[in-house]
Amino acid sequence: MQKPDLSVEIAGITLRNPVMTASGTFGYGEEFSEYVNLEAIGAIITKGLSLKPKAGNPTPRIVETTGGMLNAIGLQNVGIDAFVEKKVPFLRTVATPVIVNFFGNTLEEYAELAERLDLIPEVAAVEINISCPNVKHGGIVFGTDPKAAYSVVKTVREATIKPVIVKLSPNVTDIVEMAWACADAEADALSLINTLTGMAIDLDKRRPILANVTGGLSGPAVKPIALRMVWQVARAVKIPVIGIGGIMTGIDALEFMLAGATAVQVGTANFLDPGAAGRIAAEMERYLADNGIADVKEMIGALEV
């Protein structure tokens, strides 16, 4: 039997396999280049980018939890100017699609970033982080209000010709309603889930472990929730869905595809195993070969309910 075909397409971008790296867990790509062949994965998604450099939250800002980790990094990043000057030259040398995750605190910031990113040929697509507060409207989080989500996605859609992916927050009452709002605003794809809000406590000190008190929970502990949300959203929208949440193995990744995901993002696994993304792609290929499945696209949405 020939090697299985692992290629998939997201918003007009052909990926050699469905494995992408989750924003915030893979730096800007170069940091992991010694540990994983960047041309053996489907796409690189960079650390979330803002207009100005951002120092992030005070430490401690990462803590291990049962089956996962909490992070309160605070979206630390170099800012768009340094990204263009210092990060893009390396990304230019890699024959793997680069997707830039970005965020703002106002619609104007989202628009300006989208316009700036639109001018960078090395950027194949953008991924909007909408888990941020709208500082002009009382701090409501864009990603928890359908109208606010629609506004920010529409703003970005009008500011760029590149494919637009929207990363959905799970900290909502109805994930499908959020997905509909983003699809109506002409998003090209959806990625989910972002982290769940959680906290950890030091019993002896009687204090929160994280300086920020709360943080984002990721890792295997969130996988059942992520699978459920991906399954719900994939059935409700006609645009591709990218699954995220506790993917540690090729089997995990294929489960997300059965639930309806066209591709997946590997996040927390990168901290445990810097070569996780490449390993997971290889494990997916091995499963398909062992089970006589010629094309990974046969798995998308094939869950029998």
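Preceding this paragraph is the structure being described.
Residues numbered from 1 in each chain as written. Predicted model: local features only at pLDDT ≥ 70, side-chain atom pairs only at ≥ 80, totals over all residues. Heavy atoms only, no water.

Peer 1: A description of unusual backbone geometry should follow, citing residues and the corresponding values.
Peer 2: Between Thr-59 and Pro-60 the backbone carries a cis peptide bond, its omega angle lying at 0°. Within the element layout of this structure, Pro-60 appears in the loop between β4 (44–45) and β5 (62–65). The backbone of Ala-11 sits at a positive phi, close to 50°, despite the residue not being glycine. Owing to a relative accessible area of 26%, Ala-11 belongs among the partly exposed residues under this scheme. (Helix = DSSP H or I, 4+ residues; strand = E, 2+ residues; numbered from the N terminus. Buried < 20%, exposed > 50% of the residue type's maximum accessible area, 1.4 Å probe, protein only.)

Peer 1: If you had to explain the nonpolar core to someone new, which residues and values would you point to?
Peer 2: By size, the foremost hydrophobic cluster in this structure holds 93 residues, and its most contacted members are Phe-83, Phe-102, Val-166, Leu-190 and Leu-192. When neighbours within four sequence positions are excluded, Leu-192 is seen to be in contact with Leu-168, Ile-175, Met-229, Val-230, Val-233, Val-241, Ile-242, Gly-243 and Ile-244. In this structure, Val-63, Leu-70, Ala-200 and Leu-210 belong to the second largest nonpolar core, which totals five residues. (Core = buried A, V, L, I, M, F, W, Y, C linked by side-chain atoms within 4.5 Å. Contact = heavy atoms within 4.5 Å.)

Peer 1: Can you tell me about the sheet that holds strand β6 (residues 68–71), naming the residues and giving the values?
Peer 2: Strand order across the open sheet formed by four strands is β5-β6-β16-β13, with antiparallel pairing between neighbours. Each edge of the sheet is formed by a strand with only one pairing partner; in this case those strands are β5 and β13 (196–199). Each neighbouring strand pair of the sheet contributes to a mean axis angle of 40°, computed without reference to strand direction. As paired elements, β13 and strand β16 (residues 214–218) share four bridges and run antiparallel to each other. (Pairing = 2+ DSSP bridges. Axes fitted to C-alpha atoms, helices over the stretch in contact; angles between N-to-C directions.)

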